[in-house]
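# Observations on the three-dimensional arrangement
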Amino acid sequence: MAETEHKRRVRYKGTHPRTFEEKYKEHQPEKYADTIAKVISKGSTPAGMHISIMVSEILENLRIQPGEKGLDCTFGYGGHSSKMLEQLQGNGHLYALDIDPIEIVKTTERLRKAGYGEDILTVIQENFANIDQVAEKYGPFDFLMADLGVSSMQIDNPARGFSYKLEGPLDLRLNPESGVSAAERLREITKEEFEGMLIENSDEPYAAEIAEEVFKGFRRGQKIETTTQLAEAIERALKFLPDNKEKKDIVKKTCQRTFQALRIDVNSEFEVLDAFLTKLPGVLAPGGRAAILTFHSGEDRLVKKAFRQYYKEGIFSEISKEVIRPSAEECRQNGRARSTKLRWAVRA
């Protein structure tokens, strides 16, 4: 019998691990529960994990009963799915979708180990724009939820290229096996198209300056292949701002908005959301409940408009009259919850 090769943990400089790869304890939550609890208590998200947002509010509005059939349109780390499965109490079925080929395997394995077998949980690698195809085979659904945010596992992993804070390839694709990366996208559009993308996808006030700086660099033969190179270009574009204590925060927020705009574009997020909302009523059973989490104004506007239209037409019997926000306590414990908005609806 061949011996299993012993793997040393990743070595790191200093007394504490700093990079994503070095945080070996955070990557093993089942083994280092104390470390995980300590990181979360400080308001941070452990490396390789995702803390689900507004769980209690979602469950309150989905009103899940044992024996029902549900759909989690954005499986992610499985936090919302696991709580919905608890509500089923072993009786009923949950279908879960995700397009990320990397994380879907990890999450499925984690929930299988937690005791959720194929008799109660079916996981499908599919874009939630295609919920009609899923419903045709497995629906209609008594409850449904969609979390439109990017998972922390994707943001914090430098190899995925989602964060301006971490050096990595400028990728930003939710499914790195499909489509073009953000770096490739920048090479195939014009300066005017990039400026329009920044305005439309993130209401970027410095869109003209950023587009001018990026394409001036391209004309000089400079490349933007990494997250750091784009962040540096943004900083150069804002060099005209006064050097005061506010400048650092402006640069930070501009980087966040620029990366958001590119991510929305390379993943066709608005088009996907539009397709999802168009098909949503058709996949819900009579009395079926839907809950959607959004993370920026563009998404929320689309959801609010669709819900109100369906309510006006009598397709939805109830909708949330006002947007629901996470509690102050949740925002303190998880900074990534601050921009979250929840809307719910009930099928007539």
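First, a word on scope: everything that follows refers to the structure included in this document. (Residues numbered from 1 in each chain as written. Predicted model: local features only at pLDDT ≥ 70, side-chain atom pairs only at ≥ 80, totals over all residues. Heavy atoms only, no water.)

A word on the overall build of the chain. Looking only at helices and strands, the chain features 14 helices and 7 strands. Put simply, the chain shows about 18000 Å² of open surface, and 48% of that area lies on carbon and sulfur atoms. (Helix = DSSP H or I, 4+ residues; strand = E, 2+ residues; numbered from the N terminus. Areas by Shrake-Rupley, 256 points an atom, 1.4 Å probe, with all protein chains shown as cover.)

With that settled, the discussion passes to the environment of Arg 257. Relative to the elements of secondary structure, Arg 257 occurs in helix 11 (residues 245-266). Apart from residues no more than four positions distant in its own chain, Arg 257 is found in contact with Ser 202, Glu 204 and Pro 205. (Contact = heavy atoms within 4.5 Å.)

What follows is about the environment of Asn 201. Here Asn 201 is to be found in helix 8 (residues 191-202). Not counting residues within four places of it along the chain, the set of residues in contact with Asn 201 comprises Gln 260, Ala 261, Ile 264, Asp 265 and Phe 270.

Another point: a positive patch on the surface. A grouping of Lys 165, Lys 248, Lys 252 and Arg 338 is seen on the molecular surface, where their side chains present a positively charged patch. Mapped onto the elements of the fold, Arg 338 is located in the loop between helix 14 (328-333) and strand 7 (341-347). (Patch = residues over 30% accessible without salt bridge, like charges linked within 9 Å, V, L, I, M, F, W, Y side chains within 5 Å. Salt bridge = Lys/Arg side-chain N within 4 Å of Asp/Glu carboxyl O. Lys, Arg positive; Asp, Glu negative; His and termini not counted. Charge placed at Lys NZ, Arg CZ, Asp CG, Glu CD.)

Mapped onto the fold, Ser 82 is located in helix 3 (residues 79-88). The exposure class assigned to Ser 82 is buried, which follows from its relative accessible area of 16%. Looking at Ser 82, its side chain comes within polar contact range of the main-chain oxygen of Gly 79, at 2.8 Å. Among residues more than four places away in sequence, those in contact with Ser 82 are Leu 111 and Tyr 116. (Buried < 20%, exposed > 50% of the residue type's maximum accessible area, 1.4 Å probe, protein only. Polar contact = N/O pair within 3.5 Å; in protein donor to acceptor, adjacent residues only side chain to side chain.)

Right, let's get into helix 11. A rise of 1.5 Å per residue sets the reference length of helix 11, with its 22 residues, at 32 Å; its end C-alpha atoms lie 33 Å apart and thus fit the reference within 8%. Those residues of helix 11 that sit buried are Lys 247, Val 251, Thr 254, Cys 255, Thr 258, Phe 259, Gln 260, Ala 261, Leu 262, Arg 263, Ile 264 and Val 266. (Expected span 1.5 Å × (residues − 1).)

Let's shift gears to the sheet that holds strand 6 (residues 316-319). Pairing within the open sheet is mixed, and its 7 strands lie in the order 3-2-1-4-5-7-6. Across the chains shown, the open sheet's two edge strands, defined by having one partner strand only, are strand 3 (121-125) and strand 6. Strand-to-strand twist across the sheet, computed as the mean angle between neighbouring axes with direction ignored, equals 15 degrees. Of the pairings in the sheet, the one linking strand 6 to strand 7 comprises 3 bridges and is antiparallel in character. (Pairing = 2+ DSSP bridges. Axes fitted to C-alpha atoms, helices over the stretch in contact; angles between N-to-C directions.)

For the rest of this paragraph, the subject is the packing of helix 12 (residues 269-283) against helix 13 (residues 297-312). The interhelical angle for the contact between helix 12 and helix 13, taken along N-to-C directions, is 20 degrees, at an axis separation of 11 Å. Looking at the two axes, helix 12 sits roughly parallel to helix 13. Along this stretch, helix 12 crosses helix 13, giving a crossing that reads as right-handed. Seen from helix 12, the contacting residues are Glu 269, Phe 270, Leu 273, Leu 277, Thr 278, Leu 280 and Pro 281; seen from helix 13, they are Gly 298, Glu 299, Leu 302, Val 303, Ala 306, Phe 307 and Tyr 310. (Parallel < 35°, antiparallel > 145°, perpendicular 65-115°, else oblique. Left-handed = near helix turned anticlockwise from the far one by under 90°.)

Before going further, it helps to examine the nonpolar core. By size, the foremost hydrophobic cluster in this structure holds 33 residues, and its most contacted members are Leu 170, Leu 172, Phe 194, Ile 210, Val 214, Leu 230 and Leu 262. Elements with a minimum of two residues in this core: helix 7 (182-188), helix 8, helix 9 (207-219), helix 10 (227-237) and helix 11. With 6 residues, the top contributor of residues to this core is helix 11. Residues contacting Phe 194, with those up to four places away along its chain left out, are Leu 186, Ile 189, Ile 210, Ala 211, Val 214, Phe 215, Thr 258 and Leu 262. Core analysis: the second largest hydrophobic core is formed by 30 residues, Ile 124, Phe 128, Ala 129 and Val 134 among them. (Core = buried A, V, L, I, M, F, W, Y, C linked by side-chain atoms within 4.5 Å.)

In this section: the packing of aromatic side chains. Counted by the stated rule, this structure contains 9 aromatic pairs. Ring geometry for Tyr 310 and Phe 316: centres 5.2 Å apart, planes at 70 degrees, overall edge-to-face. Taken together through their ring pairs, the aromatic side chains of Tyr 95, Tyr 138 and Phe 141 make up a single cluster. Over the ring of Tyr 77 we find Arg 110, and its NZ or CZ is 3.7 Å from the ring centre. The aromatic ring of Tyr 311 is capped on one face by Lys 321, whose charged end is 4.9 Å from the ring centroid. (Phe/Tyr/Trp six-rings, centres within 6.5 Å; stacked < 30°, edge-to-face > 60°. Lys NZ or Arg CZ within 6 Å of the ring centre and 35° of its normal.)

Our next topic: the pairing of strand 1 (residues 69-72). Of the pairings in the sheet, the one linking strand 1 to strand 2 (residues 93-98) comprises 4 bridges and is parallel in character. Of the residues in strand 2, the one forming a bridge with Gly 70 is Leu 94. Considered for its hand, the β-α-β crossover made up of strand 1, helix 3 and strand 2 is right-handed. As paired strands, strand 1 and strand 4 (residues 141-147) are joined by 3 bridges and run parallel to one another. Bridge pairing in strand 4 places Gly 70 opposite Phe 143. (Right-handed = clockwise from strand over helix to strand, strands pointing away.)

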